[in-house]
Amino acid sequence: MVGVSNVDFDWVKEVKEFDERKTGVKGLVDAGVKEIPRLFVHPQEVIDRYPTAKGAAVELPVIDLTGAESGGARRGEVVEAIGKAAREWGFFSIINHGIPLETMKAMLESIKRFHELPDEEKESLYTYERSKLVKWNSNLPAQKGDPACWRDVLNVVYTNDHLDPNEIPSACRKETEEYVKYMIDVRELMAELFSEALGLPSDYLSKMECMKSQSISCLYYPACPEPHKTLGAPKHSDTTFLTLLIQDTLGGLQMLRDNQWVDVPPVPGALIANFGDLMQILSNDEFISVEHRVLSQLAGPRISVATFSTPSIRAAGKPFGPIKELITKEKPAVYRDFMFEEYFQYYKTKGARVESAFDYYRINK
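- The name an unreviewed UniProt entry assigns to the chain is Fe2OG dioxygenase domain-containing protein, from the organism Salvia splendens.
- Word for word, the UniProt comment on the chain under Sequence similarities (unreviewed entry) is "Belongs to the iron/ascorbate-dependent oxidoreductase family."

Printed below as a string of structure tokens:
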């Protein structure tokens, strides 16, 4: 559970003042702050709860998608490698995925360009309304006393893989459209490979439409004058099914492995993949969701784009729970069924005080 320190300042007032400026964390940096506002200070015992591993960064399993297409020469080999990575790591790197390096670079550059627009050109997109498919904000905490994170984000949601292009800011519209086309292809192939790795027909997850929508977080982590006091993202596991990440060369992503924080370094041209809690629940604990965080740094900005796969509108209206074909006498269902909206609201009401919904939905607690 994310700890919250005793709030010895007017948290509501500071949130209100920051929100009304509508300039994000970048606005603080542009104003030349030397000390971060108290709103952004995370309890030191939370930041330091787990030690950071010394020495080399973690070497994630590398999934090479060469020959992984249907009928491809390496299909079986790739399925086996994904199954092993999914069960033992929950994080892995994907190469030869079909997204041109130029497309990935252009996407990152366009997101940097958007975030560095004059404030008045971004202000109309500043909101926290859930119904808005495209919005820009700083992900302020919803629960009183929770600390804010040192980042700004442009969120772009493709519902059922569709979004009116005119909704996307012109600074990154063309690049986002191009990038998303490739991401859908990668996601569809990964859905087939995940299905086979679970011993299911290759089209099982695609037919479920559990990854048919895309929520894209285009993240901007400004340089921080006091990085030891705050975080770009606190310890968390993703709530969705699958996350595919591209990032620049600055680094800062860490995953929790063996109760230690280990660096996940950027690899040019590679995608970083990790499963969310819904995939662990769906797979009845076969595939694992792993906690991770993003450090704040003196250097910056750090740019990354995280694509979260979420259910289609149709699928979101049906109950979720462990896949029935994965439930046996030897391995009964670990979790109860639930509705997606219930699941979403559970996280929303808990705010930063909850790490995952596993225990809440677990049958035998």
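## What about the overall build of the chain?
Okay, so step 1: Broken down by element type, the chain carries twelve helices and 14 strands.
Okay, so step 2: Rg of the C-alpha trace for the chain: 20 Å, near the compact-globule value of 21 Å for 365 residues, within the 12% margin.
Okay, so step 3: Based on the C-alpha atoms only, the size of the chain along its principal axes is roughly 55 × 45 × 45 Å.
Okay, so step 4: A burial count over the chain gives 52% of its 365 residues as buried.
Okay, so step 5: The contacts of the chain with a sequence gap of at least 6 include a subset with a gap of at least 24, amounting to 78%.
Okay, so step 6: Carbon and sulfur atoms make up 52% of the accessible area of the chain, which totals about 16,500 Å².
Okay, so step 7: Charge-centre separation for the chain: the mean point of 44 positive side chains lies 3 Å from the mean point of 54 negative side chains.

## Comments concerning empty space enclosed by the protein
Okay, so step 1: In this structure the tally under the stated criterion is one cavity of 30 Å³ or more.
Okay, so step 2: In this model, the largest cavity occupies a volume close to 40 Å³.
Okay, so step 3: Lining the largest cavity we find Trp150, Tyr221, Pro222, Leu295, Ser296, Gln297, Ala299 and Arg302.

## As for the packing of helix α4 (residues 75-88) against helix α7 (residues 173-197)
Okay, so step 1: At a minimum axis separation of 9 Å, α4 and α7 run at an interaxial angle of 75°. Considering their axes alone, α4 and α7 lie roughly perpendicular with respect to each other. Facing Arg75, Val78, Val79, Ile82, Gly83 and Arg87 of α4, the residues of α7 in contact are Leu189, Met190, Glu192, Leu193, Phe194, Glu196 and Ala197.
Okay, so step 2: For the contact of α4 with α7, the per-class residue count stands at eight nonpolar, one polar and four charged.

## Some points on the environment of proline 100
Okay, so step 1: With respect to the element layout, proline 100 can be found in the loop between β2 (91-95) and α5 (101-115).
Okay, so step 2: Between the alpha carbons of proline 100 and tyrosine 182 there is a distance of 8.8 Å; along the sequence they are 82 residues apart.

## Examining the side chain of threonine 310
Okay, so step 1: Mapped onto the secondary structure, threonine 310 falls in strand β12 (residues 302-310).
Okay, so step 2: Since its relative accessible area comes to 15%, threonine 310 is described here as buried.
Okay, so step 3: Other than its neighbours up to four places away in sequence, threonine 310 contacts Glu209, Cys210, Met211, Lys212, Ser213, Gln214 and Thr240.

## A closer look at the sheet that holds strand β8 (residues 253-257)
Okay, so step 1: Spatially, β6-β11-β8-β9 is the arrangement adopted by the four strands of the open sheet, whose pairing is antiparallel. In this open sheet, the two edge strands, each paired with only one partner strand, are β6 (231-236) and β9 (260-263). Ignoring strand direction, the axes of neighbouring strands in this sheet form an average angle of 30°.
Okay, so step 2: Where β8 lies against strand β11 (residues 292-295), three bridges are found, and the strand directions are antiparallel. Bridged to leucine 253 within β11 is valine 294.

## Considering the pattern of salt bridges
Okay, so step 1: Inspection of the entire model under this criterion finds 24 salt bridges.
Okay, so step 2: The partner of aspartate 161 in a salt bridge is arginine 187, with the nearest N and O atoms 2.7 Å apart. Taken together, the residues span a long stretch of sequence, with aspartate 161 in the loop between β4 (152-158) and α7 and arginine 187 in helix α7 at a distance of 26 residues.
Okay, so step 3: Residue arginine 187 is classed as buried on the basis of its relative accessible area, which comes to 1%.
Okay, so step 4: A salt bridge links arginine 362 to aspartate 359; its shortest N-O distance comes to 3.4 Å.
Okay, so step 5: Exposure remark for arginine 362: the relative accessible area of 23% places this residue in the partly exposed category.
Okay, so step 6: One network of salt bridges, in which partners are shared, links Asp161, Arg187, Glu188 and Lys212.

Rules behind the numbers
Residues numbered from 1 in each chain as written. Predicted model: local features only at pLDDT ≥ 70, side-chain atom pairs only at ≥ 80, totals over all residues. Heavy atoms only, no water. UniProt positions renumbered as here; feature names shortened; annotations may be inferred. Helix = DSSP H or I, 4+ residues; strand = E, 2+ residues; numbered from the N terminus. Rg over C-alpha atoms; globule rule 2.2 N^0.38 Å. Buried < 20%, exposed > 50% of the residue type's maximum accessible area, 1.4 Å probe, protein only. Contact = heavy atoms within 4.5 Å. Areas by Shrake-Rupley, 256 points an atom, 1.4 Å probe, with all protein chains shown as cover. Lys, Arg positive; Asp, Glu negative; His and termini not counted. Charge placed at Lys NZ, Arg CZ, Asp CG, Glu CD. 1 Å grid on protein atoms, 1.4 Å probe; cavity = no way out; pocket = protein on both sides within 12 Å on 5 of 7 lines; lining within 4 Å. Points joined across faces, edges and corners; volume = space filled by probe spheres on them. Axes fitted to C-alpha atoms, helices over the stretch in contact; angles between N-to-C directions. Parallel < 35°, antiparallel > 145°, perpendicular 65-115°, else oblique. Nonpolar A, V, L, I, M, F, W, Y, C, P; charged D, E, K, R; others polar. Pairing = 2+ DSSP bridges. Salt bridge = Lys/Arg side-chain N within 4 Å of Asp/Glu carboxyl O.

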